[in-house]
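One-letter residues, chain by chain:
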Amino acid sequence: MKINASTISLTIDDVAASRAFFVEHLGYQERAAAEGFASLSRDDAVDIVLLQRGIEVLPPEQRDQRAAGLILAFTVDTLDAEEKRLRDEGVAITMPLREEPWGERLFQITDPNGIIIQFVEWTTPN
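Note that residues are indexed from 1 along each chain, following the sequence as it is written. Only residues with pLDDT of 70 or above have their local features reported here, since the model is predicted, and side-chain atom pairs are shown and tallied only from 80 upward, although totals for entire chains, interfaces and linings are computed over all residues. Based on all heavy atoms of the structure, the side-chain values leave hydrogens and waters out of the count.

Novice: Mind showing me how you'd approach the overall build of the chain here?
Specialist: For the chain, the count of helices and strands is 2 helices and 8 strands. Only DSSP runs of H or I covering at least 4 residues are called helices, and only runs of E covering at least 2 are called strands; the numbering of each starts at the N terminus. In sequence order, the chain lays out its α and β elements as β-α-β-β-β-β-α-β-β-β. Classification of the 126 residues of the chain by burial places 37% in the buried group. The contacts in the chain between residues at least 6 apart in sequence include a share of 48% that link residues at least 24 apart. Only the protein chains shown count as covering a residue, and every accessible area follows the Shrake-Rupley method with a 1.4 Å probe. Total accessible area computed for the chain in this model is approximately 7,500 Å², and 49% of it derives from carbon and sulfur atoms. For the charge count, each Lys or Arg is scored as positive and each Asp or Glu as negative, with His and the chain ends excluded. The location of each charge is read from NZ of Lys, CZ of Arg, CG of Asp or CD of Glu. Here the chain carries 12 positive and 22 negative side-chain charges, and the mean point of each set is 1 Å from the other. Each residue is placed in one exposure class: buried if its accessible area under a 1.4 Å probe, protein chains only, is under 20% of its type's maximum, exposed if it is over 50%, and partly exposed if it falls in between. Whether two residues are in contact is decided by their heavy atoms: any pair within 4.5 Å suffices.

Okay, structure coming up:
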(Lines give C-alpha, C1' and ligand atoms only; values in the text may rest on other atoms or scores of the structure.)
Protein backbone atom coordinates (compact mmCIF):
# COMPACT_ATOMS: atom_id res chain seq x y z
CA MET A 1 0.00 0.00 0.00
CA LYS A 2 1.20 3.50 -0.86
CA ILE A 3 -0.40 6.33 1.13
CA ASN A 4 -0.53 9.55 -0.87
CA ALA A 5 -1.79 11.88 1.84
CA SER A 6 -3.11 11.88 5.41
CA THR A 7 -6.23 13.63 6.62
CA ILE A 8 -7.87 13.79 10.01
CA SER A 9 -11.61 14.44 10.06
CA LEU A 10 -13.01 16.09 13.19
CA THR A 11 -16.69 16.37 14.05
CA ILE A 12 -17.27 19.58 16.00
CA ASP A 13 -20.01 22.05 16.92
CA ASP A 14 -18.67 25.24 15.30
CA VAL A 15 -16.83 24.71 12.00
CA ALA A 16 -16.30 28.44 11.39
CA ALA A 17 -14.58 28.95 14.76
CA SER A 18 -12.12 26.08 14.29
CA ARG A 19 -11.51 27.01 10.66
CA ALA A 20 -10.61 30.57 11.69
CA PHE A 21 -8.36 29.32 14.51
CA PHE A 22 -6.43 26.90 12.29
CA VAL A 23 -6.04 29.47 9.52
CA GLU A 24 -5.10 32.42 11.73
CA HIS A 25 -2.86 30.74 14.30
CA LEU A 26 -1.59 27.55 12.67
CA GLY A 27 -1.06 28.60 9.06
CA TYR A 28 -3.61 26.28 7.47
CA GLN A 29 -5.30 27.24 4.21
CA GLU A 30 -8.89 26.55 3.37
CA ARG A 31 -9.09 24.27 0.33
CA ALA A 32 -12.84 23.75 0.21
CA ALA A 33 -15.86 24.75 2.26
CA ALA A 34 -19.62 24.35 2.31
CA GLU A 35 -22.35 24.52 4.92
CA GLY A 36 -21.07 22.50 7.90
CA PHE A 37 -17.78 21.55 6.24
CA ALA A 38 -14.25 22.91 5.78
CA SER A 39 -11.17 21.25 4.32
CA LEU A 40 -7.85 22.71 5.51
CA SER A 41 -4.30 21.94 4.51
CA ARG A 42 -0.64 22.82 4.89
CA ASP A 43 2.22 21.53 2.75
CA ASP A 44 4.06 20.23 5.82
CA ALA A 45 1.30 18.73 7.99
CA VAL A 46 -1.70 16.45 8.02
CA ASP A 47 -4.80 17.81 6.25
CA ILE A 48 -7.81 18.54 8.43
CA VAL A 49 -11.49 18.19 7.56
CA LEU A 50 -13.92 19.88 9.93
CA LEU A 51 -17.48 18.54 9.95
CA GLN A 52 -20.47 20.06 11.72
CA ARG A 53 -21.86 17.72 14.35
CA GLY A 54 -25.14 16.29 13.01
CA ILE A 55 -24.21 16.74 9.34
CA GLU A 56 -26.06 14.25 7.16
CA VAL A 57 -23.03 13.17 5.11
CA LEU A 58 -21.99 11.07 8.11
CA PRO A 59 -23.61 7.72 8.86
CA PRO A 60 -26.40 8.14 11.43
CA GLU A 61 -24.40 6.50 14.23
CA GLN A 62 -21.57 9.04 13.79
CA ARG A 63 -23.54 12.27 13.36
CA ASP A 64 -23.80 13.27 17.01
CA GLN A 65 -20.27 12.29 18.03
CA ARG A 66 -17.77 15.05 18.60
CA ALA A 67 -13.99 14.99 18.49
CA ALA A 68 -12.81 14.01 21.97
CA GLY A 69 -9.83 12.32 23.53
CA LEU A 70 -7.66 13.35 20.60
CA ILE A 71 -4.41 15.29 20.69
CA LEU A 72 -3.29 16.69 17.35
CA ALA A 73 0.51 16.84 17.72
CA PHE A 74 2.96 18.78 15.57
CA THR A 75 6.72 18.30 15.88
CA VAL A 76 8.53 21.60 15.36
CA ASP A 77 12.16 22.77 15.42
CA THR A 78 11.45 26.07 17.19
CA LEU A 79 9.28 25.18 20.17
CA ASP A 80 10.11 28.23 22.29
CA ALA A 81 9.49 30.58 19.37
CA GLU A 82 6.14 28.94 18.56
CA GLU A 83 5.02 29.15 22.18
CA LYS A 84 5.95 32.87 22.28
CA ARG A 85 4.27 33.57 18.91
CA LEU A 86 1.03 31.92 19.94
CA ARG A 87 1.04 33.64 23.34
CA ASP A 88 1.70 37.00 21.62
CA GLU A 89 -1.28 36.31 19.31
CA GLY A 90 -3.49 35.90 22.38
CA VAL A 91 -3.82 32.12 22.19
CA ALA A 92 -4.17 30.58 25.65
CA ILE A 93 -1.48 28.04 26.47
CA THR A 94 -3.57 25.30 28.06
CA MET A 95 -0.61 23.14 29.09
CA PRO A 96 2.55 25.12 29.83
CA LEU A 97 5.86 24.33 28.20
CA ARG A 98 7.56 21.44 29.93
CA GLU A 99 10.21 18.79 29.39
CA GLU A 100 9.71 15.09 29.97
CA PRO A 101 12.56 12.81 31.16
CA TRP A 102 12.46 10.86 27.86
CA GLY A 103 13.49 13.96 25.90
CA GLU A 104 10.17 15.42 24.80
CA ARG A 105 9.61 19.16 25.23
CA LEU A 106 6.01 20.18 24.66
CA PHE A 107 3.13 22.56 25.27
CA GLN A 108 -0.54 22.55 24.32
CA ILE A 109 -3.20 24.94 23.11
CA THR A 110 -6.91 24.26 22.65
CA ASP A 111 -9.07 25.52 19.79
CA PRO A 112 -12.59 26.98 20.32
CA ASN A 113 -14.17 23.51 19.93
CA GLY A 114 -11.88 21.83 22.45
CA ILE A 115 -9.44 20.31 19.94
CA ILE A 116 -6.13 19.92 21.77
CA ILE A 117 -3.10 20.87 19.70
CA GLN A 118 0.28 19.86 21.05
CA PHE A 119 3.62 21.19 19.88
CA VAL A 120 6.63 18.93 20.43
CA GLU A 121 10.38 19.24 20.12
CA TRP A 122 12.61 16.25 20.80
CA THR A 123 15.85 16.61 22.76
CA THR A 124 18.40 14.20 24.18
CA PRO A 125 16.83 12.40 27.17
CA ASN A 126 18.18 13.28 30.62
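Novice: So what exactly am I meant to see when it comes to the nonpolar core here?
Specialist: Looking at soluble globular proteins, one finds that nonpolar side chains tend to be buried together. Only buried Ala, Val, Leu, Ile, Met, Phe, Trp, Tyr and Cys residues count toward a nonpolar core, and they belong to the same one when joined by side-chain atoms within 4.5 Å. Core analysis: the biggest nonpolar cluster contains 23 residues, and Phe22, Leu26, Ile48, Leu50, Ile109, Ile117 and Phe119 have the highest contact counts within it. Of all the elements in the fold, those that place two or more residues in this core are β1 (7-12), α1 (15-26), β3 (37-41), β4 (47-52), β5 (71-75), α2 (79-88), β7 (104-110) and β8 (116-122). It is α1 that provides the largest number of residues to this core, a total of 4 residues.

Novice: Can you walk me through the packing of aromatic side chains in this structure?
Specialist: For any two aromatic rings, the description comes down to two numbers: the centre-to-centre distance and the angle of the planes. Think of it this way: a Phe, Tyr or Trp ring, Trp meaning its six-membered ring, pairs with another when their centres are within 6.5 Å, and the plane angle makes it stacked under 30 degrees, edge-to-face over 60, tilted otherwise. Summed over all chains, the structure comprises 5 aromatic pairs. Taken together, a centroid distance of 5.7 Å and an interplanar angle of 80 degrees make the contact between Phe22 and Tyr28 edge-to-face. Judged by its relative accessible area of 0%, Phe22 falls in the buried class. Judged by its relative accessible area of 2%, Tyr28 falls in the buried class. With a centroid separation of 6.1 Å and 45 degrees between ring planes, the pair formed by Phe74 and Phe119 is classed as tilted. Taken as a pair, Phe74 in strand β5 and Phe119 in strand β8 lie far apart in primary sequence, 45 residues in all. Among the residues examined, Phe74 registers a relative accessible area of 13% and is labelled buried.

Novice: Explain the environment of Asp13 here, please?
Specialist: Topologically, Asp13 is positioned in the loop between β1 and α1. In sequence terms Asp13 and Ala67 are 54 residues apart; their C-alpha atoms lie 9.4 Å from each other.

Novice: Mind showing me how you'd approach the pairing of β8 here?
Specialist: Note on strand geometry: in a regular strand, side chains alternate between the two faces of the sheet. With respect to burial, β8 is a largely interior element, 5 of its 7 residues being buried. One bridge is not enough; two strands pair if DSSP finds at least two bridges between them. Here 5 bridges tie β5 to β8, and the two strands are oriented parallel to one another. Bridging across to β8, Ile71 finds its partner in Ile116. Bridge count between β7 and β8: 7 bridges; the pairing is antiparallel. The residue bridging Phe107 from the neighbouring strand is Phe119, located in β8.

Novice: Hey, could you run me through the sheet that holds strand β2 (residues 29-34) in this one?
Specialist: Remark on secondary structure: sheet strands pair via backbone hydrogen bonds, oriented parallel or antiparallel. In spatial order, the strands read β1-β4-β3-β2; together these 4 strands make up an open sheet with mixed pairing. Because the sheet does not close on itself, it has two edges, and the strands there are β1 and β2. On average, each strand axis in the sheet is tilted by 15 degrees relative to the strand beside it, whichever way the strands run. With 5 bridges joining them, β2 and β3 adopt antiparallel strand pairing. Bridge pairing links Ala34 to Phe37 in β3. In this analysis, axes come from line fits to C-alpha atoms, helices being fitted only over the stretch in contact, and the angle between any two N-to-C directions falls in the range 0 to 180 degrees.

Limitation: the analysis is restricted to geometry and does not speak to function.
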